[in-house]
Amino acid sequence: MREVAIVGVGMTRWGELWEKSLRDIYVETALLAMEDAGVDRIDSMVVGCMSSGLFVGQEHLGSVLADYLGQAPVPATRVESACASGGLAIRTGFMEVASGMSDIVLVSGVEKMTDVDGGDATYALGTAADQEYECYHGITFPGLYAMMARAYMHQYGLTREELAAVAVKNHENGSKNPLAQFPMQVTIEQVIGSVLVADPLRILDCSPITDGAAAIILCPLDQAKKISKNRPVKIIGSGHATDSIAYHSREDLTSLEAVAKAAERAYKMAGVGPDAIDAVEVHDCFTIAEILAIEALGLVERGKGRTAASSGLTAIGGKIPVNPSGGLKSKGHPVGATGVAQVIELVKQLRGECGERQVKNARRALAQNMGGSGGSSIVHILEVG
Amino acid sequence: MFSSRYWREIPQRYRMEAAKCSGCGTVSFPPRLICPKCKGRTFEKVRLPDQGKVLTYTVIHVPATPFKDEVPFAIAVVELDGGVRITSQVVDCDPATIRIGQRVRTEFRKLQEVGDAGVLCYGYKCVPA
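Please read these numbers as outputs of a predicted model, since none were measured by experiment.

### A look at the interface of chain B and chain A
Accessible area lost on assembly of the parts is the figure often given for the size of an interface. Each partner contributes to the interface: chain B provides 35 residues, whereas chain A provides 28 residues. When chain B packs against chain A, close to 2700 Å² is buried across both sides, 56% of that on carbon and sulfur atoms. A salt bridge links Glu 132 of chain A to Arg 5 of chain B; its shortest N-O distance comes to 2.6 Å. Linking chain B with chain A are 17 residue pairs in polar contact (both at pLDDT 80 or more), by the criterion used here. Listing elements by their share of the side of chain B that touches chain A, those giving two or more residues are helix H1 (3–7), helix H2 (10–15), strand S4 (51–60), strand S5 (73–80), strand S6 (85–90), strand S7 (103–113) and strand S8 (120–128) of chain B. Top element by residues in the side of chain B that touches chain A is S4 of chain B. It accounts for six residues. The residue inventory of the side of chain B that touches chain A, partitioned by class, reads 22 nonpolar, nine polar and four charged.

### Brief notes about the packing of aromatic side chains
Residues and elements named next belong to chain B. Here the structure, examined in full by the defined rule, presents ten aromatic pairs over all chains. When the ring of Phe 67 is compared with that of Phe 73, the centres are 5.9 Å apart and the planes differ by 35°; the resulting orientation is tilted. By relative accessible area, which is 5% here, Phe 73 ends up buried. What links up through ring pairs into an aromatic cluster is the set Tyr 6, Tyr 14, Phe 108 and Tyr 122.

### Brief notes about unusual backbone geometry
Residue and element names in this part refer to chain A. In the segment running from Asp 199 into Pro 200, the intervening peptide bond is cis, with an omega of 10°. Within the secondary structure, Pro 200 sits in the loop between strand S5 (196–199) and strand S6 (201–202). Residues other than glycine seldom take positive phi values, yet His 60 does so here, at roughly 60°. You can call His 60 exposed: its relative accessible area is 61%.

What counts as what
- All residue numbers refer to position in the chain's written sequence, counted from 1.
- As they are written, the chains are lettered A onward and the ligands numbered 1 onward, keeping that order.
- Per-residue local features are limited, in this predicted model, to residues with pLDDT of at least 70; the limit for side-chain atom pairs, both in listing and counting, is 80 or more; totals at the level of whole chains, interfaces and linings are taken over all residues.
- Working from all heavy atoms in the structure, the side-chain values ignore hydrogens and water.
- Residue contacts follow a heavy-atom distance rule, with two residues in contact if any of their heavy atoms lie within 4.5 Å.
- Two parts placed together each lose some accessible area; with a 1.4 Å probe, that loss summed over both constitutes the buried area.
- Salt bridges are defined as contacts in which a side-chain nitrogen from Lys or Arg sits within 4 Å of a carboxyl oxygen from Asp or Glu.
- Under this definition, polar contacts are N or O atom pairs within 3.5 Å; protein pairs additionally need one hydrogen-donor-capable and one acceptor-capable atom, and for neighbouring residues in sequence, both atoms have to be side-chain atoms.
- Helix and strand assignments come from DSSP, with helices taken as H or I runs of at least 4 residues and strands as E runs of at least 2, each series counted from the N terminus.
- Think of it as three bins: nonpolar holds Ala, Val, Leu, Ile, Met, Phe, Trp, Tyr, Cys and Pro, charged holds Asp, Glu, Lys and Arg, and polar takes everything else, Gly as well.
- Ring geometry is summarised as follows: Phe, Tyr and Trp rings, the Trp one being its six-membered ring, pair when their centres sit within 6.5 Å, and such pairs are stacked at plane angles under 30 degrees, edge-to-face over 60 and tilted between the two.
- Throughout, exposure labels follow a simple rule: accessible area from a 1.4 Å probe, protein chains only, divided by the maximum for the residue type, with under 20% read as buried, over 50% as exposed, and the rest as partly exposed.

Put into structure tokens, the structure is as follows:
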């Protein structure tokens, strides 16, 4: 297997981009990534997208996007793993470069979610859970994570304030990110006083509905210096795992086993453990998800994740900085694009380009992307080249 | 919902039919073609018990469109006696009174209506036992 480097990144500000189409936001970020890397041609492209069919009525994205990027006839592959589609796109591109099949691969994630109303968006997102035996009975995605929060509160004594501290931290970080959809800061009182979505989760516990795209350029490490002037960032670990589609089938209702298994595989490939990680981006689609994710990644012990945000452990200046970008919570969550944006944040952190939200002396970083209620997860570990 | 998709789930939704693996005894609900535990391929049809307990729950305030007239409503992960788990609404009670560990039983209820002239969808909901 060849070593693989990221040599270009591209992202625009996320939000409710009513004046732009899915193909517009894709092309904008793909061109930014190519410009950043300094390449004008690609050998192949991979795009992660959860549900362009339900959100904008368009499938066959490989062809649409290769065409509108002016890159047809390059091979173009669309991959899907619900909200982990972006992470899966990176893993697919990584395998393509590592195997020697392609040298320069453009990997993107994209989702255009605001062309439908809230009810239809809730339905589309629900397709990432078990349609017949969960959603059919009225459960929603906030509802699934609310049940995780309730079970965790019961088992470990998590308080409402500790849960809110995750949102407070991530909005604090996001306020320093010019690309964040919701860069405002929030207080514990605002989170606890915000409208109920699925008890005990409130609207400020939830990531938003977002339009957005993100793109990176991969190439073999030994050609990186020739291809691009940028300091390369190596992908040293990639792990992917699945779990039962229905949340109720999980043996432990407070544990994300797909995350734990994906992390175990990524750590093994990288030859490092959780202690060696300087900065982390996790899939905080809901506040409780960040707590469960840092436990599954082995960054904190089981049951200790509840105080990680309130104690300052996971703040940018803390021992284990988590979601310096603002996370899904503040940056936004265009589902298929999220996994790519996480890696972009970490590449910028490792290059030292993050300004006010820079994690000092970051040399190694980890991104964790998750599909559905934990039915799939993808973990990547990056290192300065 | 397309009527064929609704119709083929009727044995599970109306009668809670599950599949018990002839090899290791694991009960799968809904029935599967291969046992997730021992990979066995032969099963015996069994009916799930109607008694169980709440493992975790939530009260939905922002629903998907088909449930917009029902909010707020409670929904739970329920472990039926014997160990099979389901996701089910908990009704006929104040949602604020539901607790983890509470005993419930399943009943046959209407779950959804599909469109103005579509099918009425029935299935199981839980009530306090």
